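One letter stands for each residue in the lines below.
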Amino acid sequence: MTQDLSPLAAMDQAHALHPWTHFDSFETEGAVVLTRGEGVWLWDDAGRKYLDAVGGLWCTNIGLGRADMAQAIADQALKLAFTSTFVDITNAPAARLAGKLAELAPGDLNRVHFTTGGSTAIDSAYRLAQYVQAARGFSGRTHVIARKQSYHGSTYAAMSIGLRDGDRVPEFTYKSDTIHHVSAPILYRRAEGQTEAQLTDALVAEFEAKIAEVGAEKIAAFFAEPIQASGGVLVPPQDYLARMAAVCRKHGILVIADEVVTGFGRLGAWFASQDVYGFTPDMICCAKGLSSGYQPIGAVIFSDALWDDMRGDKWFTSGYTYSGHPVACAAALKNIEIIENEDILARATRAGALFQEGLRSLSDLPIVGDVRGHTLIGCVENVADKATKRAFPDEVDIGRRVTHAAEARGLMVRPLGALNVMSPALIISDSEITQIVETLGAAITAATDDLVREGIK
Ligand code: PMP
């Protein structure tokens, strides 16, 4: 056990198994115990202050420490802390939130199925897709297609639908008989000389081929994050998703947009599918920014057309104790009210332009191969050789090195393989954006200096 940990960190190290953790690193380093947050700022139990460029985990959209959020949560907890929403019971915040989400969602997406987070929204969407396909007379449509480098959550189905490098381990099993993957749109690593339009054509052709191989009559749905966030902030060619959605329509395949990260203002819109990428999905999965992380909650918002086809004298046998949890729904409602009243979508668009411009100023650093992002999601991809885009060997762990150098300078950025990813709260100020860019630049430079000293670079 590590000697210089605080009592809380030591207790954590002695007893906790963190999500997505590395055993040896945890046993040697322990965890940072965060104790307070305000806006984009965090404090740990030693009083150290950090600028949180990660936004929690892509989720603190309105920023931390809001008294009005705490009040809304406390009021609801006092009034009615819990009811289930099973069968024919509901509560006021759940009913209001369903109505509000129907108002905000595009097209005829007017039906809401609440979940406990993003993973359970994905699982529920998969079930809903099968259910409606069966109701339409296509009970053979039980398969789904998703993309490589996607992350859709950690439950059994969600983890099987996602497929990021390194996530799958031999100790676990994944469902594979009904889940298929096609290539992700990776602009930075596309073939030499290939245009964006050619890349899109190739991806659409691959999708068509996969559908033909599996058989359209077996496929219920296609899952897609508008921007593949945890898979490396993969910003697609502008018309790629609309073209993939058109292929789905042609084959009777439902389109499920995983907007767990991209929803609620991250790209300057309530939802990115229609407003940013010009396609209307059949279902939107959301979580994270839905409550800005103040309460755990997720939802599947789906179309009237689906509802009309699935309803009848039968049961929908899926859902969770905490689906439509009144306190979580009250937090989400307040969060949405704040986004509306404080014009946070427009602010995110403006701050996002500054953030993207700032990040791009890091492109000249000797190990920064690519800078990409959209509005308030961004990343730097660190490479050993910029000309050839050659990656660092895994053991160099460049993303983590940069993150450690940033943390030592009071900045939290998330390592993701060779990348450092960011998604700060949407209320971030101009000077805080400047601070992220300058500190990240200094951290990358310090990490590069270390590599030179160690003879790696
Ligand atoms: N979908 C996407 C795109 C995500 O990024 C995540 C979480 N990072 C999830 C689903 C799963 O959400 P949760 O962790 O709330 O279950």
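Just so it is clear, the model here is predicted, and its values are computed rather than measured.

**What about the overall build of the chain?**
Step number 1: Along the chain, the regular secondary structure elements total 15 helices and 15 strands.
Step number 2: Here the C-alpha atoms of the chain give a radius of gyration of 22 Å, agreeing with the 23 Å that 2.2 N^0.38 yields for 457 residues.
Step number 3: Taken over the C-alpha atoms alone, the chain extends approximately 70 × 60 × 45 Å along its principal axes.
Step number 4: In the chain, once contacts between residues fewer than 6 apart in sequence are set aside, the share between residues at least 24 apart is 72%.

**Regarding the environment of H251**
Step number 1: Among the secondary structure elements, H251 is positioned in helix α9 (residues 240-251).
Step number 2: C-beta crowding within 10 Å serves as the criterion here: with 15 such atoms nearby, H251 is assigned to the partly exposed category.
Step number 3: Once the C-alpha coordinates of H251 and A212 are considered, the two residues, 39 residues apart in sequence, prove to be 9.9 Å apart.
Step number 4: Those residues within four positions of H251 in sequence are excluded, and the remaining contacts are I211, A216 and I219.

**Some thoughts on the site of the ligand**
Step number 1: In the neighbourhood of the ligand, 15 residues make up the surrounding shell, with G117, G118, S119, G153 and V260 lying closest.
Step number 2: Here the shell around the ligand gets three residues from one element, more than from any other, and that element is helix α6 (residues 118-135).
Step number 3: Here the residues of the shell around the ligand are counted per class, giving seven nonpolar, six polar and two charged.

**Description of the domain arrangement of the chain**
Step number 1: On domain assignment, one finds that the chain holds domain 1 (32-62 + 343-453) and domain 2 (68-341).
Step number 2: For domain 1 versus domain 2, the separation of C-alpha centres amounts to 27 Å.
Step number 3: Across the boundary between the two partners, domain 1 contributes 27 residues, which contact 22 residues of domain 2.
Step number 4: Elements represented by at least two residues in the side of domain 1 that touches domain 2 include exactly α3 (55-58), α13 (344-360), β11 (368-374), β12 (377-382) and β15 (419-422).
Step number 5: The element that contributes the greatest number of residues to the side of domain 1 that touches domain 2 is α13, accounting for five residues.
Step number 6: Per-class residue counts for the side of domain 1 that touches domain 2 are 13 nonpolar, 10 polar and four charged.

**Notes on unusual backbone geometry**
Step number 1: Its identity as a non-glycine residue notwithstanding, Q149 has a phi of 65 degrees, on the positive side.
Step number 2: Of note, Q149 is situated in the loop between β5 (143-147) and α7 (156-161).
Step number 3: Classification of Q149 by C-beta neighbours within 10 Å gives buried; the count is 21.

**Considering the sheet that holds strand β13 (residues 411-412)**
Step number 1: Read across the sheet, four strands follow the order β1-β2-β3-β13 without closing on themselves; strand pairing throughout is mixed. At either end of the open sheet lies a strand with only one pairing partner, and these are β1 (34-38) and β13.
Step number 2: Relative to strand β2 (residues 41-44), β1 is paired through four bridges, and the arrangement is antiparallel. Bridge assignment links R36 to a residue of β2, and that residue is W43.

**Looking at the packing of helix α5 (residues 92-104) against helix α12 (residues 326-341)**
Step number 1: For the pair α5 and α12, the least separation of the axes is 8 Å and the interaxial angle reads 40 degrees. Looking at the two axes, α5 sits oblique to α12. Judged by the twist between their axes, the crossing of α5 over α12 is left-handed. Residues P93, A94, R96, L97 and K100 of α5 lie in contact with α12, whose contacting residues are P326, C329, A330, A332, L333 and I336.
Step number 2: When its residues are assigned to classes, the contact of α5 with α12 shows nine nonpolar, no polar and two charged.

**Looking at the pairing of β15**
Step number 1: Side chains L419 and V421 of β15 all project onto a buried face; the interleaved residues N420 and M422 project onto the opposite face, where all are buried too.
Step number 2: Where β12 and β15 come together, four bridges link them in antiparallel fashion. From the neighbouring strand, G378 faces β15, where its bridge partner is M422.
Step number 3: Here strand β14 (residues 414-416) runs beside β15; their pairing, made up of three bridges, is antiparallel. Residue pairing across strands places P415 opposite N420, the latter belonging to β15.
Step number 4: Counted along the chain from β14 to the antiparallel partner β15, the turn is two residues long, and its residue G417 has a positive phi close to 60 degrees.

**A word on the sheet that holds β15**
Step number 1: If you trace the four strands from one edge of the open sheet to the other, you get β11-β12-β15-β14, paired in antiparallel fashion. Here the strands that pair on one side only, and so sit at the sheet edges, are β11 and β14. Adjacent strand axes in the sheet meet at a mean angle of 20 degrees, parallel and antiparallel pairs treated alike.
Step number 2: The strands that helix α14 (residues 398-408) touches are β12, β14 and β15; relative to β14, the one it contacts most, it runs at about 170 degrees.

**Observations regarding the environment of V33**
Step number 1: Within the secondary structure layout, V33 lies in the loop between α2 (23-29) and β1.
Step number 2: On the basis of neighbour count, V33 is assigned to the partly exposed category, with 16 C-beta atoms found within 10 Å.
Step number 3: C-alpha separation for the pair V33 and F114, spaced 81 residues apart in sequence, amounts to 31 Å.
Step number 4: Once you skip the residues sitting within four places of it in the chain, V33 turns out to touch S6, L8, A9, D12, D44 and D45.

**Concerning the nonpolar core**
Step number 1: If you look at the biggest cluster of nonpolar residues, it comprises 129 residues, and the most contacted ones within it are F222, I256 and I301.
Step number 2: Considering each element in turn, this core owes the most residues, nine residues, to α12.
Step number 3: Once you skip the residues sitting within four places of it in the chain, I301 turns out to touch L101, A105, L109, V112, M283, I284 and C286.

Rules used in this analysis
- Residues numbered from 1 in each chain as written.
- Predicted model: local features only at pLDDT ≥ 70, side-chain atom pairs only at ≥ 80, totals over all residues.
- Helix = DSSP H or I, 4+ residues; strand = E, 2+ residues; numbered from the N terminus.
- Rg over C-alpha atoms; globule rule 2.2 N^0.38 Å.
- Contact = placed C-beta atoms within 7 Å.
- Buried ≥ 20, exposed ≤ 12 C-beta atoms within 10 Å, placed from the backbone.
- Near = placed C-beta within 6 Å.
- Nonpolar A, V, L, I, M, F, W, Y, C, P; charged D, E, K, R; others polar.
- Domains from an automatic or database assignment.
- Pairing = 2+ DSSP bridges.
- Axes fitted to C-alpha atoms, helices over the stretch in contact; angles between N-to-C directions.
- Parallel < 35°, antiparallel > 145°, perpendicular 65-115°, else oblique.
- Left-handed = near helix turned anticlockwise from the far one by under 90°.
- Core = buried A, V, L, I, M, F, W, Y, C linked by C-beta atoms within 7 Å.

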